[in-house]
Structures are given as C-alpha cells and as structure tokens.
Amino acid sequence: MKYFAFIVLIITTWAACLTSPEKRTLPILGERDISPGGDTIYRSVPDFSFIDQDSQLVTNATFADKIYVVDFFFIHCPTICPRVKKNGLRLYEKYKNDGRVMLLSHSIDVRNDTVAALHRHAAKLGVDAKKWRLVTGDHDAIYSIADDYFSVAVEDPDSPGGFDHSGRLILVDKNRHVRSFCDGTNAEEVDRFMKDIDLLLEEQFPR
Amino acid sequence: MKYLTVLILLGFLINACGHHQHKAGNTSAATGDGPQVYACPMDCEKGKIYEQAGKCPVCGMALEAQAPAPAAEQPDNAWKILSKEAEDIHDEAMKDMAEMNRVGRQVKDVMKRAKMTKETLDKYTAVLVAMDKAEADMMTWMTQYKEPENQTDESLRYLQEQKQKIEQNRSDIRAALEAGKKIVSQ
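Please read these numbers as outputs of a predicted model, since none were measured by experiment.

(A) Structural view of the interface of chain A and chain B. Contact residues are listed per partner, giving 18 residues for chain A and 17 residues for chain B. Within the side of chain A that touches chain B, the residues separate by chemical class into six nonpolar, seven polar and five charged.

(B) Structural view of the packing of helix 2 (residues 80–95) of chain A against helix 5 (residues 187–204) of chain A. All names here are of chain A. Relative orientation of the contacting elements helix 2 and helix 5 amounts to 30 degrees, with a least axis distance of 10 Å. On the basis of their axis angle, the class for helix 2 and helix 5 is roughly parallel. Seen from above, helix 2 lies across helix 5 with right-handed handedness. Here helix 2 contributes N87, R90, L91 and K94 to the contact with helix 5, which in turn contributes A187, V190 and M194. For the contact of helix 2 with helix 5, the class distribution of residues is four nonpolar, one polar and two charged.

(C) Structural view of the sheet that holds strand 7 (residues 132–136) of chain A. Residues and elements named next belong to chain A. Spatially, the seven strands line up as an open sheet ordered 4-3-7-6-5-8-9, and their pairing is mixed. For this open sheet the edge positions go to strand 4 (57–59) and strand 9 (178–183), each flanked by a neighbour on one side alone. Across the sheet, the mean angle separating the axes of adjacent strands is 35 degrees when strand polarity is ignored. Here strand 8 (residues 168–172) pairs with strand 9 via five bridges, running antiparallel.

(D) Looking closely at the confidence of the model for chain B. Residues and elements named next belong to chain B. Averaged over all residues, the pLDDT of chain B equals 81, while 77% of them reach at least 70. Looking over chain B, one finds the lowest element-wise mean pLDDT in helix 2 (residues 21–29), namely 40, and the highest in helix 6 (residues 153–185), namely 95. pLDDT under 50 marks residues 16–32. Its contacts with residues more than four places away, or in other chains, come to 23 contacts. Overall fold confidence (pTM) sits at 0.71, and the ipTM for the predicted complex is 0.74.

(E) Here's a closer look at the pairing of strand 3 (residues 49–52) of chain A. All names here are of chain A. On strand 3, burial follows the alternation: F50 and D52 on one face are buried, whereas S49 and I51 on the facing-out side are not. Between strand 3 and strand 4, which pair antiparallel and follow one another directly, the connecting turn spans four residues, one of which, S55, has a positive phi of 65 degrees. Alignment of strand 3 against strand 7, held across two bridges, turns out to be antiparallel. Residue pairing across strands places D52 opposite V135, the latter belonging to strand 7.

Procedures and definitions
Residues numbered from 1 in each chain as written. Chains lettered and ligands numbered in written order. Predicted model: local features only at pLDDT ≥ 70, side-chain atom pairs only at ≥ 80, totals over all residues. Contact = placed C-beta atoms within 7 Å. Nonpolar A, V, L, I, M, F, W, Y, C, P; charged D, E, K, R; others polar. Axes fitted to C-alpha atoms, helices over the stretch in contact; angles between N-to-C directions. Helix = DSSP H or I, 4+ residues; strand = E, 2+ residues; numbered from the N terminus. Parallel < 35°, antiparallel > 145°, perpendicular 65-115°, else oblique. Left-handed = near helix turned anticlockwise from the far one by under 90°. Pairing = 2+ DSSP bridges. pLDDT = per-residue confidence, 0-100. Buried ≥ 20, exposed ≤ 12 C-beta atoms within 10 Å, placed from the backbone.

This is the structure in structure tokens:
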C-alpha cells in the first residue's frame, strides 16, 4: 500500500510536469562561479572592439540593450559558411524590422576579408549594416573571442576545439550571457533557434 | 617505284606506332575492376581495345592484356566523391587551425612574460612564422578553390591536385601545431 501511494505520487508529479502551462525560459550557458556571498556569477562575453563593413567601430556598447546572434565566417569559405549564410539570411529577414535583435559575424580571414571586402560582401547579401555587422579586427582578438563565445557550447571539454569553423550560431542576451546556440548549417536547428530568440525577447523585453 | 611507296607507307605506320608506345605503357600501368581487355603494345589503332586476345591487325604483334582505361573505371560521381574528400580535409584542417591559433596565442604569452636568450627567441619566432604561413596557405587555398560543376578529365585532375594541396596544408598546420605545443609545454 505504501508503495502504491508512492507510485501514485510519482505519476501525478510527472503528469503535472507534462501539462504545466509554465513557460520555458532559456538557461544561462557556460561556466559559473559562486561568489563569497553565495551568488552565482555567470561567465559573460568579454570586452571587444572590431571594425565593421562601413569602417565603424563595433564594441559591446553597439549591442547595449539588444540581444544578438554571433557567428564566425569568411568570405571564401567553400564548405560550411555558405550554408550558414543562407540560414543567417533567414534570421535577418525575420528580425529585419525588429530593433531589439542584431547580427554579428566575425571574419576569421583577416588577411583577405578587409573592410572593403566585407563591404562588398554585405552589399552582395543586401543587408543593412545597422542590423548585421560584419567585422574584422586583430587576428588573435578574433580567434580569442571565438573561444569565449564557443566555450559555452562545448559538449565535450576535452574536444580539441575548432568551433570557429563549426557553423554554430550563438545567441547572446542583453547582459552579455550566452543563452542558446545551434548548428547554423541545419535549417531545422535554426527553426528551433528562432523560437529561442522569441523566448528571450519575451523574457528581456516584457510588454 | 611501287615498292618505294609501300616502304614509305610502312615507315609511317611504324613511326606512328612507336610514337604511341609511351602512352600505351602508361595505360597498362593503370588498374581497374572492369573486365579484362587487350590492346596492341604499339597502340597502332590509337587506343583501340579488344575483348579477346589475338594479334594486332596493323602490325601483327600479339595483343597485351590491359587494365580498362582510367576514364572508364571512374564512377559517374567520382568528382563528387573527390570534392567531398577535399572539403572534408579542409574542414578538419580548419579545426586544427583553430587549435593552432590557440597554441600560437600561448606561445606569444610566453614570449611576453619570459626573458629569453636570442636562440630561444628565434626558435619561438620560427614556430610563429610557420603557423602564420600555414594559415595564409589555408586562406589562399580557399580563395582559389572552385568546386567543379561536372565530371570531366580536367575536373578530376583539378580535384586531385586540390586534394593534394589541402592535404599538404593540413600536415603543415599539424606540424606547426605540434611544434607550438612542444615549446609551450617546456
């Protein structure tokens, strides 16, 4: 009889979970520390400073009070980037007129993807520089921030890395925290990612 | 006079046969899984193959067993397979390159912090130069690589060449990465 009560409890709890109308919120991803006061401190995106396709300085301040999607690419990429770009354009189209969302693409080919080359590339894509920043900058700074963004997206801590060529898209919130990521080469994953963006918008811009 | 004409004609034929000898030698070296075929060792009929052994109707020499011509042994999607292979190597090399850059930053950190003899400094610099070159080669490879749109002898040759280039680049990246790891761990 005891067992029976126990089982009923489990089943009802489980059923409650399933039917719970409570909204899903996105977790804050990445490593965290506990402060001496007992608060959880989440790793956040470090300071950065890059130059975009219109020679404008792009820093953390560019994305103040906005959520933004990050990726790493290069213009002459023969394999992964074209597929990611296609999905990036879907994001661009969806949030084109939504001032709360921006896109930030870093070129990891600092030799060839000059400001002029990025400018031509953006023109070819037909994207607005205010919405989609294509940036270049110091070689090591770009590779280093790639590690920062992607460190949260690493499933296996022992894996050798190389995430700047994974085609991943990363979602960063208003507080510089990474909240979601997806495989940018996979249209279905990007569909799911867009739902995450909408969730984050609801959370951070309540009406 | 008649004899002379015949002699000249014969001379031409022998000459023509001899001319193709080298080419014929090449084809017989190729291997394939197609059915056994035969050809004149002098290639008198320019690439003609026979399904059965016998004698060349032109020069009379015994036909030699041949592997099928290389073009015939390639499946229709050989170019797709090849370009996928080249691109896979590229993707792998890109991952190694990210790791190489990570180690490169560590090398620079060490160089900033530690006091070094000129000899050590040169050694560290050489590793950074090798990393830089490997990365530049990768970027160059990507800029010039154009995936062919169909299968031709030319596109297959091109892809083989591209695959070799990117393989070389991958091993350069790995070598630079290993060299960097070695000095960072010291």
